[in-house]
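One letter stands for each residue in the lines below.
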Amino acid sequence: MGDWCQGVLGDILELKRGYDLPQKKRCKGSFPLVSSSGVTDYHAEAMVKGPGVITGRYGTLGEVFYVDSDFWPLNTTLYVRDFKGNDQRFISYFLRHLDFSAYSDKAAVPGLNRNHLHQAPIAYPVELEEQVAIADLLSTLDDKIELNCQTNATLEAMARALFKDWFVDFGPTRAKAEGRTPYLAPHIWEFFPDALDDEDKPVGWTIEPLLDHARLISGGTPKTDVTAYWHGPIAWASAKDVSQCSDAFLIETERSITPRGLEESSTRLIPKNATVVVARGATTGRYCLFGSEMAMNQTCYALASLNQWPFWLNCAFGFVVQELVHSAHGSVFDTITTKTIQQARITIADQKLIDSFEETVTLLFNRIHSNLEESRTLAQIRDLLLPKLMSGEIRLREAERIVEAVL
C-alpha cells in the first residue's frame, strides 16, 4: 500500500468553468457537448483535450462525467483543467464521493463555487500506481454494468424486431404467399397462413380490442400522507419512475409503500411483467415492464395479460401506444383515459403461434431481467466501495477480494 496524504482538493486538481455555446452557433459534429446532466449533444469543435472529467456547476449538482475524447464543457459545468499529474479516471471517481452540496452557493438557483471546492479537505493516495489500480477496480464494475446495458439493448431489439416481422409486417405470411424459402423452424412456419386477406393481414387473423387480452389496472395514492404509509417493503412506482426507466424492466422505484398504505389507497399490487404506461403529464406514453410485483400511483395504468402472454402484450402495446398518445387530451397535460385504451385494437394470430412467440422471447426478456439485477448488485457494491476507497477506510486488496467474490 502506498502513502496517503492529507490536503485539500486544490492539491490534486484545478477546476475551471465551462464555455458558453448558444444553440444557434452549434454545428453537428463528433465532439460531445457536456452539460450539468451529461453529454447532451455533439459539436464540430472541441474546447478541451480529452480525456476529461466534468461536473455540474448549475442545475444538476453532484453528477460527475468522464469522457475519453476531446469535448466542449458548457458553461453550466466545471471541468478539470489540470489533473496535476494524477490519474484522470481516479479523479473522476474521487469527485463522485465528495459532498458537493456543502460547497453550493445559498442562492435561489444553487451553484458550485470552484474556489470553495478547491479548499475541500481530502485524503488521497500519493502514488500514481495505486490511483490507477483503484480506478481499474471500480472501472471493472462499471464496464460490466455497461456491457449488461448494451447486451440488454440488443436482446430487447431482437424481441421487438421478431414481433414486428411476425405480427406487424407479416413477413412469414408474405414469404409463403410469394413462394420464398422458409426462414423459421418448421414447427413455427406451419402456424403462419399462406395468404393475406382483403384487409392485408394474414387470412384467419382478427382485429380485436386490446382489453380482450389484458386486464387494465389503475393506480392510486393514500388519501393522507403519513409516515406509517411509506418506506415499506412494496415498491411504489410513479410517472417519474416509469419515464426515467431506460430499460425494458423497472426494478427500482424512488418510493416504497407499506401494506397499510396500500390498503389506504385506491391502487393494488400489480403483477410482475405487467406493462405499465404513463397516462398523464409531460411524458405520457412512456412505458415499461414491472420487474417485480409493485404498486403505483394514479399517473399510470397497468396492463396485465389475460392469456399468459406478458411479453407478447408488451411488444403489441409498443405498436399502439402512439395512437393512444395522439388520442390523449387534457386541460393542462395530455391524458390517456380508460376510454382511450378501450378503443385500442390489436391484430390477433393463432394462439399456438402467439404461444411460440412468447416462449421464444421469454428467454430474451428473462436474460434482460437477470442482467438488470446483476447490474443493480454491481452498482450497489461500487457505491459501497467508492467512499471507503476514496477515504482510505479500506485499502485496495480488501476491495479486490469483495469484487472477485461477485464477478
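Now for a description of the structure that goes with this document. The structure displayed is predicted, hence computed values, not measured ones.

## So, helix α1 (residues 88–96)
- Those residues of α1 lying buried are F90, I91, S92, Y93, F94 and L95.
- A distance of 3.3 Å separates the backbone nitrogen of R89 from a side-chain oxygen at the start of α1, and that oxygen is part of D87.

## Some words on the side chain of D87
- As for its position among the elements, D87 is in the loop between β8 (77–82) and α1.
- It turns out D87 is buried and unbridged, and the closest side chain with the opposite charge, R89, is 4.4 Å from it.
- At 2.9 Å, the side chain of D87 and the backbone nitrogen of F90 are in polar contact.

## Examining the sheet that holds strand β14 (residues 255–257)
- The strand order across the open sheet built from 3 strands is β14-β12-β17, with neighbouring strands paired in mixed fashion. Each edge of the open sheet is held by one strand with a lone partner, namely β14 and β17 (295–296).
- When strand β12 (residues 230–237) meets β14, the two strands line up antiparallel, connected through 4 bridges. Bridge assignment links W236 to a residue of β14, and that residue is R255.

## So, helix α8 (residues 310–318)
- Taking burial as the measure, the 9 residues of α8 include 8 buried ones, the bulk of the element.
- Among the residues making up α8, those that are buried are P310, F311, W312, L313, N314, C315, A316 and F317.

## Describing the nonpolar core
- Grouped together as the largest cluster of nonpolar side chains are 45 residues, with contacts concentrated most on F167, F249, W312 and F365.
- Breaking this core down by element, the ones donating at least two residues are α3 (128–168), β18 (300–305), α8, α9 (321–327), β19 (345–348) and α11 (351–391).
- A per-element tally of this core places α11 first, with 8 residues.
- Beyond its immediate stretch of four places on either side in the chain, W312 contacts F163, F167, H213, I346, T347, I348, I354, F357 and E358.
- The next biggest cluster of nonpolar side chains, apart from the first, holds 41 residues, and it includes L95, L117, A123 and I145.

## Some remarks on the packing of aromatic side chains
- Under the criterion given, the structure shown has 20 aromatic pairs.
- Taken together, a centroid distance of 5.5 Å and an interplanar angle of 85 degrees make the contact between W166 and F192 edge-to-face. Taken together, the residues span a long stretch of sequence, with W166 in helix α3 and F192 in the loop between α5 (186–189) and β10 (206–209) at a distance of 26 residues. With respect to class, W166 is no different from F192; both count as buried.
- Ring centres 4.6 Å apart and planes at 5 degrees place the aromatic pair F311 and F365 in the stacked group. Residue F311 is found in helix α8, and its partner F365 is found in helix α11; the two are separated by 54 residues along the sequence.
- Its relative accessible area of 3% is what places F311 among the buried residues.
- The ring of W230 has R255 sitting right over it, with the charged end atom 3.7 Å from the ring centre.

## Here's the deal with the pattern of salt bridges
- All chains considered together, the criterion is met by 17 salt bridges.
- Across the salt bridge formed by D41 and K28, the nearest N and O atoms sit 3.2 Å from each other. Of this pair, D41 sits in strand β4 (residues 38–43) while K28 is found in the loop between β2 (14–17) and β3 (31–35), placing the two residues 13 residues apart along the sequence.
- For D41, a relative accessible area of 16% puts it in the buried group.
- The partner of R96 in a salt bridge is D142, and the shortest N-O contact between them spans 3.6 Å. On the criterion of sequence distance, the pair formed by R96 in helix α1 and D142 in helix α3 is long-range, its members being 46 residues apart.
- Residue classification places D142 among the buried residues on the basis of a relative accessible area of 17%.
- Counted as one network, the salt bridges with shared partners bring together R96, D142, R382 and D383.

## Side note on the packing of α3 against helix α12 (residues 396–406)
- Relative orientation of the contacting elements α3 and α12 amounts to 15 degrees, with a least axis distance of 11 Å. Here α3 is positioned roughly parallel relative to α12, judged by the angle of their axes. In this structure, the crossing between α3 and α12 has a hand that is left-handed. Between α3 and α12, the contacting residues are A133, I134, L137 and L141 on the first element and L396, A399, E400 and V403 on the second.

## Side note on the packing of α3 against α8
- Remark: α3 packs on α8, axes separated minimally by 10 Å, with the N-to-C direction vectors making an angle of 75 degrees. Overall, the two elements α3 and α8 adopt an arrangement that is roughly perpendicular. In contact with A159, R160, F163 and F167 of α3, α8 contributes W312, N314, C315 and A316.
- Here the contact of α3 with α8 is built from residues that sort into 6 nonpolar, 1 polar and 1 charged.

## Quick word on the side chain of T275
- Within the secondary structure layout, T275 lies in strand β15 (residues 275–278).
- Reaching out from T275, the side chain makes a polar contact with the side chain of N314 at a distance of 3.0 Å.
- Those residues in contact with T275, other than ones at most four positions away along the chain, are Y287, C288, L289, Y301, A302, L303, P310, N314 and F317.

Each value, and the rule that gives it
- Residues numbered from 1 in each chain as written.
- Predicted model: local features only at pLDDT ≥ 70, side-chain atom pairs only at ≥ 80, totals over all residues.
- Heavy atoms only, no water.
- Buried < 20%, exposed > 50% of the residue type's maximum accessible area, 1.4 Å probe, protein only.
- Helix = DSSP H or I, 4+ residues; strand = E, 2+ residues; numbered from the N terminus.
- Polar contact = N/O pair within 3.5 Å; in protein donor to acceptor, adjacent residues only side chain to side chain.
- Lys, Arg positive; Asp, Glu negative; His and termini not counted.
- Salt bridge = Lys/Arg side-chain N within 4 Å of Asp/Glu carboxyl O.
- Pairing = 2+ DSSP bridges.
- Core = buried A, V, L, I, M, F, W, Y, C linked by side-chain atoms within 4.5 Å.
- Contact = heavy atoms within 4.5 Å.
- Phe/Tyr/Trp six-rings, centres within 6.5 Å; stacked < 30°, edge-to-face > 60°.
- Lys NZ or Arg CZ within 6 Å of the ring centre and 35° of its normal.
- Axes fitted to C-alpha atoms, helices over the stretch in contact; angles between N-to-C directions.
- Parallel < 35°, antiparallel > 145°, perpendicular 65-115°, else oblique.
- Left-handed = near helix turned anticlockwise from the far one by under 90°.
- Nonpolar A, V, L, I, M, F, W, Y, C, P; charged D, E, K, R; others polar.

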